[in-house]
Every structure is written in structure tokens, then in C-alpha cells.
Amino acid sequence: MAHHSSMMDYTRGTSSSSGRYGHRKSSLALTPEEEPLDSCPRLVSDLKFPNLLPPNPVIKILIAFCKNDPVFEALVNASHRLSLEPTFVKSAESAIDAFQNPSSGGHHIIIVDARYPRTIEAEALGRSIRNSKGSQHTTMVAVVKKSVFEKDDTAVISLLDVGYNRCIIESPHVSICSSELRQIQHSLVRPQNVISTQQALYTALHRSREAVIITDDTLRAQYANRASERVLNMKLDEIVGRSLSDLVTADISNILSHTSRYKDYDGYLTTRRKSQESSQIHVRAVPVSCIGRNPTHLVLILESSSSALVSTNAIGEALQTLPQGKEVPRGSLHSIRRGSFDVRSIASDGLRRTSLAKLSSLPLEAPITKVLSLLAQVQENCSLDEAKLLDRVMEFLKREGLYSPQMKEIRTEDPVATDLIGALLTQGPTNILSSRRSSNDSIIRGGGRPSTGSIVFNKTKESSQLSDLLQTALDWDFEIFKLEDLTEKRPLVCLGLELFRRFDVYNTFNCDEMTFKLWLIEMEKHYHSENTYHNSTHAADVMQATAVYLQQLSNRELKIMDRMDEATALIAAATHDIDHPGRSSAFLCNSDNTLALLYNDICVLESHHAATTFRLTLGDDKINIFKHLDRDMYKLARSIIVDMILATEMTRHFEHLAKFVSVFGTDVESKDPLPPDNDDNQILVRRMLIKCADVSNPTRPLKFCVEWARRIAEEYFMQTDEEKRKNLPIVMPMFDRTTCSISKSQIGFIEYIIHDMMDAWNSFIEMPEIIRYMEFNYSQWKLFEEQGINTLSDIKRKQMSLTEDTASSISLEEKF
């Protein structure tokens with residue numbers, strides 16, 4: 001049919017005697033240029049800003065129907081009547097596979113039978129398609145029953161919300177289906193073809209050597225290409241969304257006055273570079289009207305007037321940005337804050353200045369050698385006393401364990417705290433535990449939970465409760481144990497899907513929802529349900545805390561975590577304790593477990609968690625959530641996930657904390673700007689985020705804090721029982737179920753681990769509720785100890801009173 005001839009049939013032609021030009025043979029009149037040129041005079045702006053010819057291929061249509069009924073037959077016949085290229089499938093999985101097929105996929109129209117949700121879950125399929133790479137210009141149509149339109153529009157709205165462009169009423173008549181398809185073709189497919197061409201233009205802009213920024217008519221940046229990062233010395237996410245007045249020091253009203261009259265602007269501006277240096281740039285601003293007659297956007301072309309010169313104060317500025325000298329942390333953040341160098345314990349007065357030549361001659365250069373070189377340059381022009389002080393500073397910097405912690409002595413009258421804290425921070429096969437408190441260490445036993453298949457919840461009262469509960473997924477007092485009950489101890493899948501949806505993880509990974517669902521099912525299957533603490537509920541709890549922290553960072557507009565950072569943080573949280581059977585690393589080492597031998601008694605469980613995550617994910621294409629990432633993006637995602645999982649190892653707790661504090665500080669009242677956003681700082685934030693999420697139990701409402709304490713104590717007791725049975729070294733002798741005080745263990749844990757870490761974290765993200773809950777819980781554990789509430793049976797009885805006594809649920813605002 002002539003209706004479907006290709007855009008390639010368009011011929012420009014020459015003017016004839018009648019003055020008319022040749023025209024395109026295709027009926028898909030996608031742009032104004034398709035009209036005869038003498039019928040509508042061309043505007044100057046049309047010539048100045050020519051349009052890109054859009055693609056016009058044969059339209060491919062994917063029809064997903066569970067059965068070949070009259071409605072299906074009518075759509076098939078209508079597709080053939082309009083010369084469309086149809087593909088037929090009978091399930092959601094087949095539809096996803098067909099669309100993602102690299103040779104025959106990429107359909108322009110997808111029609112889904114939404115009349116029978118038990119057979120084809122149209123909403124889930126819609127989300128999966130929309131989260132697939134290349135679906136942004138695909139038109140999705142849902143076929144619904146007539147009663148849906150007549151009785152209630154809720155179902156239609158739900159379908160539109162998940163990505164469908166249109167809902168049509170079922171019809172067995174070919175003529176009606178043909179009319180619907182033709183309207184879809186004209187009103188939806190054509191505009192999408194035009195829009196799709198923009199990607200080529202933006203790609204060209206992004207690769208251009210000229211710095212280009214596109215703003216709205218108020219000079220707020222809507223787009224910036226890669227070259228603009230170099231000119232402004234800022235990252236793209238720091239440019240887009242900001243006003244030009246925030247990026248330059250000059251008055252921008254001149255630009256607005258010129259361009260508002262549709263005149264180009266040509267002049268110079270001074271930029272505010274992140275290094276605090278000023279730079280002159282040449283700016284050309286071109287107004288563009290996308291809608292109406294007045295300019296709606298401005299295209300700014302930036303050119304550096306000259307290359308940046310090295311400031312004479314560069315060395316001084318570099319020294320000013322170095323962390324202030326601090327004593328090696330000894331178990332409490334207070335020692336970091338008040339620390340100072342003990343100059344008497346360093347080198348003698350005979351110590352001479354470091355040779356800059358030796359440093360410069362090294363074939364490789366590390367960041368610390370750059371610092372030492374800068375200090376050596378400063379020494380050349382300072383007094384003898386100052387040079388001696390710098391010698392002592394440099395001696396500190398040359399030490400290998402710059403941030404290695406030394407354990408602060410714990411009160412001998414508190415043996416439970418000594419047992420727990422000492423065990424957490426010691427590595428290796430000794431009588432001292434080398435594990436983290438909350439999630440890292442285990443022995444590896446065979447089995448794990450049997451396969452659960454797919455998660456299906458019946459339309460019951462429980463499913464309604466589950467839906468209501470997931471609405472609160474970003475609340476700090478989220479009912480994690482209620483989720484555990486409603487999902488029959490499978491909370492990770494439900495919560496994971498909800499959080500992945502909220503943080504747009506599917507689009508970030510260019511992967512469909514079904515793949516993520518199967519991935520979550522497989523990950524949860526490898527958590528051991530027999531563990532009282534290290535099970536999938538703990539993983540879901542850490543994932544939920546991570547999501548709340550990410551939301552808070554977003555609310556504060558701290559542009560440290562981009563979408564890939566958020567996605568990988570949630571993935572790392574979900575798998576950070578996978579295959580953890582509830583025993584410590586010290587137990588593994590003491591029992592000569594194969595994993596301890598494999599990892600040389602170092603970071604045994606964290607290494608196993610990270611390795612298991614990728615072994616399972618990459619081993620099955622059906623659950624491979626990384627399969628649509630390019631090589632570089634996959635490597636980035638993998639490095640972030642592995643680093644975050646390894647950061648949960650508690651033996652390096654004070655090292656990570658000291659580094660975080662040295663960069664971001666701890667003064668809540670400080671209004672100083674955050675340090676420059678760079679890769680090292682992002683690593684520090686990611687590590688601190690998952691560490692705080694991993695041990696967030698004491699910062700939750702009391703009823704949750706008590707339940708988590710009961711669960712971890714039971715797991716530690718089980719380890720001690722097993723060590724006694726097998727005549728192994730007892731890692732934590734005080735954790736004997738007949739003598740241990742759970743209250744004392746929590747008091748010590750909050751005092752020596754949680755308090756300072758959460759204080760530093762709160763000063764960064766500004767979540768005062770975590771401090772209020774922590775302080776209240778600490779006071780309650782003290783009260784429990786005074787009241788003799790310290791055994792497992794005592795804690796269980798206390799939990800019942802917390803649940804039954806409504807007076808105990810008084811809000812924090814009433815208590816503080």
C-alpha cells in the first residue's frame with residue numbers, strides 16, 4: 001500500500017513551471033517540511049534550525065494474547081490489512097523475550113490482552129517492557145473489557161500509570177480494530193518517530209568538542225554536554241538544573257535582554273570554578289522557540305578564552321584541603337575530634353628534611369607521595385622550627401597503618417562488652433571472634449532454603465495489608481517483622497521490588513522487572529531461614545535502611561549518589577549477607593573451614609558474600625540483572641557492590657569511620673560546604689551508608705531494637721553451644737545462654753560502636769530521629785539491666801509487654 005512506502009522515497013526535486021516541488025511519497029507526514037513548500041512560506045527560524053528527517057521503517061506490532069479468541073483474530077486481520085509486521089505471543093515472558101530479541105525485537109506497537117490478569121499480568125508486563133532498553137519510543141496498548149470503561153476507571157488509570165499509552169475496548173470487528181490501529185499509528189507512532197530522532201542529535205552534541213548548554217527561557221540549565229564539564233570544571237549533574245547565575249559571577253540580564261527579542265548574544269562571562277579559580281569564557285547564546293512565538297530555550301556555546309594557569313597559591317591551597325592532624329582513633333570518635341600529635345614520641349631533632357628529588361624519581365606516584373612532595377616544597381621556604389614540625393607530620397604520613405585503629409581499653413568490670421566489642425574488631429583464628437556484629441560471619445553449611453519458585457499472593461486480606469505496608473517502605477519505623485509474617489518469611493522479594501521501583505533501578509540497569517523478580521527470589525533462596533538473625537529479614541531490613549538513607553541524601557540535594565550509586569547500594573544491601581549460616585569468621589578459621597582456607601583467614605565471609613552474589617547472578621541469564629549493561633558500566637557496578645559488601649566487615653570499622661570523619665567532619669552545627677565531590681569521597685559515603693544500615697538496629701523504635709537483640713543473642717548462643725560440643729575454642733565465652741546479660745551486651749555495643757558512628761552519620765545526612773531512638777533505646781537497656789531483664793526469657797516477656805501495653809508506644813516527640 002502507498003500508505004506504507006518508505007521515507008527513502010522522498011525526492012527533493014526541482015521547481016516546475018507551476019512552481020511546485022517534488023514531495024515525499026510516504027503518507028507519514030512527520031514534519032512540516034513534508035508539505036509543499038509554496039503552500040506555506042518557510043520562516044527564517046525554519047531555515048536557521050532545520051529538522052532532522054525521522055526514520056520511517058515498516059511498523060512492527062507485537063500482540064500478546066493468551067488465547068486465539070475473536071478479539072485476537074480481529075487484531076490479526078487488522079494488522080495485515082494495514083500492512084503491519086506482526087508477532088504473536090501467548091505469555092508475558094514470551095512478550096519480553098520477543099521485544100528484547102536483538103534481531104526481530106524493538107516493536108513499534110505492543111498490544112497486550114489485559115482482560116485476564118491471572119494469565120497475563122498486564123501491569124507487570126507493562127513495567128517490564130518500559131524498563132527494557134529501547135522501549136521509550138514504543139507505543140503500548142492494553143485491550144480491556146467494556147465493563148472496565150463503564151463501571152470503574154481505576155484499572156485504566158493503573159495501566160496508564162505503569163507505561164501504557166492507551167487502553168481500547170475489546171472488539172471482534174476487524175473494521176473497528178483497523179480504525180483503532182490507524183488512529184494509534186497517526187497519533188502516537190508518528191510523533192514517537194519524530195522524537196526518536198532527537199537521540200541522534202543529543203549524541204552528536206555529547207561528543208562535540210564545543211561546550212554546549214541548553215537552558216530554558218530563565219537560563220536554568222536543561223542539558224549540558226560532556227565538553228561543558230571541562231570548561232566549567234563541574235560534573236554534569238552539578239550543571240543541569242542550576243541557573244546560569246549559579247555558574248558564573250557576571251550579570252546574566254544582558255543575555256536575557258538580547259535573546260528575549262530573538263537576537264543572538266555574543267560576549268564574555270566569568271565562571272565560578274570548583275577550584276575557586278576564576279576563568280573567562282566566551283559565550284554565544286542562541287534563542288530557540290519550541291512552542292509558540294517567544295523563545296522557550298537558549299543554546300549556549302561556551303569557549304575558554306585561555307587555558308587555566310596554575311595558581312601561585314596552589315601548594316598552599318592543597319595543604320589547606322588536607323585533613324587536620326588527628327590522633328590514631330582508639331575506639332571512640334571523641335579521640336578523633338580532640339586528637340593532636342604527640343611530638344615528643346616522634347623523631348629526634350636530628351631528623352632532616354625529606355629529599356624531594358627521591359620522591360620525584362619514583363617511577364610510580366601514589367596520592368601520599370604527592371602530599372609528601374608538596375610538604376617537601378613547603379619545607380624549602382620555611383623556618384627551621386616549622387621544618388621540624390613538617391618532618392614529624394611527614395613521618396606520620398609515611399606510616400603504613402595511617403588509619404588503622406587501636407582498641408580503646410574496655411572497662412574490666414564489663415566482661416560482656418569486652419567479649420562482644422573485642423570479638424567484633426579482631427581478625428583471625430584465635431579465641432577472639434573476628435566477625436562483625438550484625439551480618440558478616442558464618443560457617444558454610446550445605447543446603448540453605450529450598451527453592452520457593454515464584455512469589456504469588458492470593459487476593460486476600462493479607463495481600464491488602466501487604467500493599468498498605470509497602471506504602472510505608474521509606475518510613476524509618478517500617479514494620480519489618482510484620483512484612484516477615486505477611487510474606488511467610490520471604491520479605492526480600494516484596495520489599496526489593498518495591499524499592500527497586502521507587503529508585504528506578506529497572507531503567508538504570510536497562511533490565512525488566514521480571515528478571516529482577518527472579519533475581520530476588522534466587523538471592524532470598526540462598527539466605528538461611530534457620531538462622532535467627534542472619535536471614536533474609538535482616539537483608540530486607542538493611543536494604544530498607546539503605547533506601548531511607550538514600551532518600552534523605554536526595555532530599556538534602558547532596559549530589560553524591562547518582563542513580564547508578566543508588567541502584568548498586570540497594571543491590572549490595574540485599575546481598576551483603578547471602579549464604580550466611582549464623583556462625584562467625586573466627587569459628588570458620590578455628591574449624592579449618594574450606595572458606596577460611598580459600599580466603600586465607602582474611603575477610604572470609606564478606607569475600608564469600610560478594611563472590612556468591614556474582615556467581616549466582618552471572619550463572620543464569622534469566623536472573624542476570626547486569627546483562628544489558630555495557631562492559632564499562634558493568635565493571636563500575638561490580639566494583640561498587642563488591643566494595644560496599646566488603647565494607648561491612650567490622651574489623652576495619654574504625655578505619656572507615658576515621659576516614660569518613662577526616663573528610664566530612666562531625667560538627668552538626670557547621671555550615672561549611674561539603675568537600676569537593678570526587679570518587680574517593682563517594683566511596684567513603686557508600687561505605688559509611690551500608691555500615692550504618694547494617695547495624696541500624698539500635699537506632700530503630702524500641703520494639704524492633706529489642707527483637708533484633710534477642711535474635712542476635714540467640715545466634716551467638718547457638719555458636720557457643722556448638723563450640724562446646726565440638727571442643728573448639730570458644731570465641732565469646734560470656735555469650736553463654738545460662739549466664740549472659742543481653743542488656744549489657746547492647747549497652748556496650750551502643751557505647752563503643754554505634755554512638756560515635758551514628759553521630760558522625762547524622763551530622764552528614766541530618767536524620768535526628770536515629771540519634772533520638774538510639775539515646776532512648778540506650779536508656780531503656782540501662783533500665784532493663786537495673787531491673788534484671790537480661791536473659792532470653794526475660795527479653796521475650798518484655799517484648800510481649802511492649803506489644804500489648806499501648807502506653808509503651810508513646811512517640812519520641814512525647815518523650816523528648
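Residues numbered from 1 in each chain as written. Predicted model: local features only at pLDDT ≥ 70, side-chain atom pairs only at ≥ 80, totals over all residues. Heavy atoms only, no water.

Trainee: Please explain the overall build of the protein as it appears in this structure.
Mentor: Within the protein, the regular secondary structure consists of 36 helices and ten strands. The buried share of the protein, taken over its 816 residues, is 49%. Long-range pairs, those at least 24 residues apart, make up 70% of the contacts in the protein with a sequence separation of at least 6. On the protein, roughly 38800 Å² of surface is accessible, and the fraction owed to carbon and sulfur atoms is 51%. (Helix = DSSP H or I, 4+ residues; strand = E, 2+ residues; numbered from the N terminus. Buried < 20%, exposed > 50% of the residue type's maximum accessible area, 1.4 Å probe, protein only. Contact = heavy atoms within 4.5 Å. Areas by Shrake-Rupley, 256 points an atom, 1.4 Å probe, with all protein chains shown as cover.)

Trainee: Explain the confidence of the model for the protein here, please?
Mentor: Low pLDDT marks stretches whose predicted atomic positions should not be read closely. A residue-level look at the protein finds 72% of positions with pLDDT of 70 or above and a mean pLDDT of 77. Across residues 1–49, confidence stays below pLDDT 50; counting only partners more than four residues off in sequence or on other chains, it has 71 contacts. In this model, residues 806–816 is a region of pLDDT below 50 whose contacts with residues beyond four sequence positions or in other chains number eleven contacts. (pLDDT = per-residue confidence, 0-100.)

Trainee: Would you take a moment to explain the pairing of strand β6 (residues 211–216) for this structure?
Mentor: For a regular strand, side chains alternate in direction, first toward one face of the sheet and then toward the other. Burial of β6 is extensive: six of the six residues sit out of reach of the surface. By the alternation rule, side chains of β6 split into A211, I213 and T215 and V212, I214 and D216, which are all buried. Where β6 and strand β7 (residues 221–224) come together, three bridges link them in antiparallel fashion. Its bridge partner being in β7, T215 is matched across the sheet by A221. Counted along the chain from β6 to the antiparallel partner β7, the turn is four residues long, and its residue L219 has a positive phi close to 70°. (Pairing = 2+ DSSP bridges.)

Trainee: Whenever I open this one, unusual backbone geometry confuses me. Can you help?
Mentor: Excluding glycine, most residues fall at negative phi; most peptide bonds, likewise, are trans. Look at N510: it is not a glycine, yet its phi comes out positive at around 50°. Along the chain, the position of N510 falls in the loop between α22 (505–508) and α23 (513–525). The backbone of D601 sits at a positive phi, close to 65°, despite the residue not being glycine. On the secondary structure map, D601 appears in the loop between α27 (594–598) and α28 (604–618).

Trainee: Help me out: how do you make sense of the packing of aromatic side chains in this one?
Mentor: For any pair of aromatic rings, geometry is given as the distance between the ring centres together with the angle between the planes. Throughout the structure, instances matching the rule amount to 24 aromatic pairs. Plain terms: the ring middles of F660 and W761 are 6.0 Å apart, the flat faces sit at 50° to each other, and that makes the pair tilted. A residue pair is termed long-range when its members are at least 10 positions apart, and F660 in helix α30 (residues 653–664) and W761 in helix α33 (residues 742–765) qualify at 101 residues. With a relative accessible area of 0%, F660 lands in the buried category. Residue classification places W761 among the buried residues on the basis of a relative accessible area of 0%. (Phe/Tyr/Trp six-rings, centres within 6.5 Å; stacked < 30°, edge-to-face > 60°.)

Trainee: I'm lost on the pairing of strand β3 (residues 109–113) in this one. Help?
Mentor: The element β3 is extensively covered by neighbouring structure, given that five of its five residues are classed as buried. Side chains of β3 alternate between two faces, with I109, I111 and D113 and I110 and V112 buried alike. Of the strand pairs in this sheet, strand β1 (residues 60–64) and β3 are connected by four bridges, and their pairing is parallel. Residue pairing across strands places I63 opposite I111, the latter belonging to β3. Bridge count for β3 against strand β4 (residues 139–144) is five bridges, and the pairing is parallel.

Trainee: Sorry, what's going on with α30 here?
Mentor: Residues that lie three or four places apart on an α-helix share one face, since the helix turns once every 3.6 residues. The terminal C-alpha atoms of α30 lie 16 Å apart, and with twelve residues this matches the ideal 16 Å at 1.5 Å per residue to within 8%. Of all the twelve residues making up α30, ten are buried; the element is thus mostly covered by neighbouring parts of the structure. Those residues of α30 that fall on the buried side of the exposure criterion are H653, F654, E655, H656, L657, A658, F660, V661, S662 and F664. After α30 finishes, the residue G665 shows a positive phi value of roughly 75°. (Expected span 1.5 Å × (residues − 1).)

Trainee: Got a minute to help me understand the nonpolar core in this structure?
Mentor: Side chains of a nonpolar character, in soluble globular proteins, are inclined to be buried together. In this structure, F500, F509, Y549, W761 and F764 are the most contacted members of the largest nonpolar core, which totals 117 residues. When residues of this core are assigned to their parent elements, the largest contribution, twelve residues, is made by α33. Ignoring anything within four residues of it in the chain, the contact list for F509 reads F516, M564, A567, T568, I571, I625, F626, H628, L629 and A637. Grouped together as the second largest cluster of nonpolar side chains are 24 residues, A92, I96, I110 and A122 included. (Core = buried A, V, L, I, M, F, W, Y, C linked by side-chain atoms within 4.5 Å.)

Trainee: Please clarify how the pattern of salt bridges should be interpreted in this entry.
Mentor: Side chains that differ in sign of charge can pair as their charged atoms come close. With the rule as written, the count across this model stands at 29 salt bridges. Of the charged contacts, one joins D721 and R737 as a salt bridge, the two residues approaching to 2.9 Å between their closest N and O atoms. Separated by 16 residues along the polypeptide, D721 in helix α32 (residues 702–725) and R737 in the loop between α32 and α33 bring together distant segments of the chain. A relative accessible area of 23% places D721 in the partly exposed class. One salt bridge connects K724 with D736, and the closest N-O pair in it is separated by 2.3 Å. Residue K724 is found in helix α32, and its partner D736 is found in the loop between α32 and α33; the two are separated by twelve residues along the sequence. For K724, a relative accessible area of 43% translates into the label partly exposed. Residues joined by salt bridges that share partners form a network here, namely D69, D113, R115 and E170. (Salt bridge = Lys/Arg side-chain N within 4 Å of Asp/Glu carboxyl O.)

Trainee: Before we go on, may I ask you to explain the sheet that holds β3 in this structure?
Mentor: Strand pairing within a sheet occurs via backbone hydrogen bonds; the two strands may be parallel or antiparallel. Here five strands make up an open sheet; going across it, the order is β2-β1-β3-β4-β5 and the pairing parallel. Unpaired on one side and paired on the other, β2 (85–89) and β5 (166–169) mark the two borders of the sheet. Strand-to-strand, the axes of this sheet are offset by a mean angle of 20°, without reference to chain direction. Sheet strands in contact with helix α3 (residues 92–100) are β1, β2 and β3, and its direction is about 165° off that of β1. (Axes fitted to C-alpha atoms, helices over the stretch in contact; angles between N-to-C directions.)

Trainee: Explain helix α4 (residues 122–130) to me, please; I cannot follow it from the model alone.
Mentor: Where burial is concerned, most of α4 is hidden: eight out of the nine residues are buried. Taken together, the buried residues of α4 touch α3, β3, β4, α6 (154–161), α22 and α23.

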